[in-house]
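Listed below, chain by chain, are the residues.
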Amino acid sequence: MQNGILEAISVASVSERSVDRALGARRAAYRDEVARLVQASFELIRESGSLEPRVGAIVRAAGLSNQAFYRHFRSKDELLLAVLDEGSRLLTDYLRHRMESAGEPVERVNRWLRGILEQALNPEAAAATRPFALSRARLSELFPAEVAAAEARTTALVRDALEQARRDGALPDGDAERDADALYTLAIGWLERALARSETPSRADAEHVVAFALRALGEADRGA
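Nothing here was measured: the structure is a model prediction, and the numbers come from that model.

## Here's the deal with the packing of helix α9 (residues 176-196) against helix α10 (residues 203-218)
Relative orientation of the contacting elements α9 and α10 amounts to 165°, with a least axis distance of 11 Å. As far as their axial angle goes, α10 and α9 are roughly antiparallel. Read as a crossing pair, α9 and α10 show a hand that is right-handed. Where α9 abuts α10, its residues D179, L183, L186 and W190 lie against D205, A206, V209, F212, A213 and L217.

Below you can see the structure in the form of structure tokens.
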């Protein structure tokens, strides 16, 4: 009786391992397909300057089929959400990297601001960012929770720097959460306006925005 149970367990374990291997291989293949679709969408959006590449163009650029597309996404909007999320994470990682080498928290705030504004100053970054920046209102309407989560990831970086600066006494007391949101609104508003124009903004204009924001933070407790 005991040998029969052990044999059954052994067979089940072998079967489960086989299933796990098969599923693991399939998951890896599917992850690769999704990554190729997202990357192809990024490239088409950057090249066309439009947030509306055709599904046919996307799958051709990815070297895949319509079947592969609809295996992962029910619509183009679902793919757009994946592209938006990936772009947000890339921006947040870029900002974090810029901030990590700064010793002082106020300098981290400075680098966070400059990193966002750089998306308009750098022609390559501007070409990739423009379609998303100019469609921000539509994206917020289509994916309100996801856009809010993406913005929260980005503002968390500067909020933490503001909190540290205030603990160190480098900045006056204030509401770090609201200040982070205000800085984001300022930087993103400037970025969107700059990208809507045909000319690259000057670095002097960007420097003025940064100086204005840091000056406002320094005067935060002297208002009403």
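## Some details on the side chain of S88
Relative to the elements of secondary structure, S88 occurs in helix α4 (residues 76-100). Relative accessible area serves as the criterion here: at 11%, S88 is assigned to the buried category.

## Side note on the nonpolar core
Judged by nonpolar contacts, the single largest core of 32 residues is most densely connected at V109, W112, L113, I116, L162, L183 and W190. For this core, the element with the highest residue contribution is α9, accounting for ten residues. Non-local contacts of W190, meaning those with residues more than four positions away in its chain, are made with L117, A120, L121, P201, D205, A206 and V209. Judged by nonpolar contacts, the second largest core, of 23 residues, contains F42, L84, L139 and V147.

## What about the packing of aromatic side chains?
Evaluated as defined, the whole model comprises three aromatic pairs. Aromatic side chains F69 and F73 sit 5.8 Å apart centroid to centroid with 50° between the ring planes, which places their arrangement in the tilted category. For F73, a relative accessible area of 7% puts it in the buried group. The structure contains a cluster of three or more aromatic residues connected by ring pairs, namely F69, Y70 and F73.

## Quick look at the confidence of the model for the protein
Taken over all residues, the pLDDT of the protein has a mean of 86, while the share at 70 or more is 86%. Averaged over each element, pLDDT in the protein is lowest for helix α1 (residues 2-48) (70) and highest for helix α5 (residues 105-121) (96).

Rules and cut-offs
Residues numbered from 1 in each chain as written. Predicted model: local features only at pLDDT ≥ 70, side-chain atom pairs only at ≥ 80, totals over all residues. Heavy atoms only, no water. Axes fitted to C-alpha atoms, helices over the stretch in contact; angles between N-to-C directions. Helix = DSSP H or I, 4+ residues; strand = E, 2+ residues; numbered from the N terminus. Parallel < 35°, antiparallel > 145°, perpendicular 65-115°, else oblique. Left-handed = near helix turned anticlockwise from the far one by under 90°. Contact = heavy atoms within 4.5 Å. Buried < 20%, exposed > 50% of the residue type's maximum accessible area, 1.4 Å probe, protein only. Core = buried A, V, L, I, M, F, W, Y, C linked by side-chain atoms within 4.5 Å. Phe/Tyr/Trp six-rings, centres within 6.5 Å; stacked < 30°, edge-to-face > 60°. pLDDT = per-residue confidence, 0-100.

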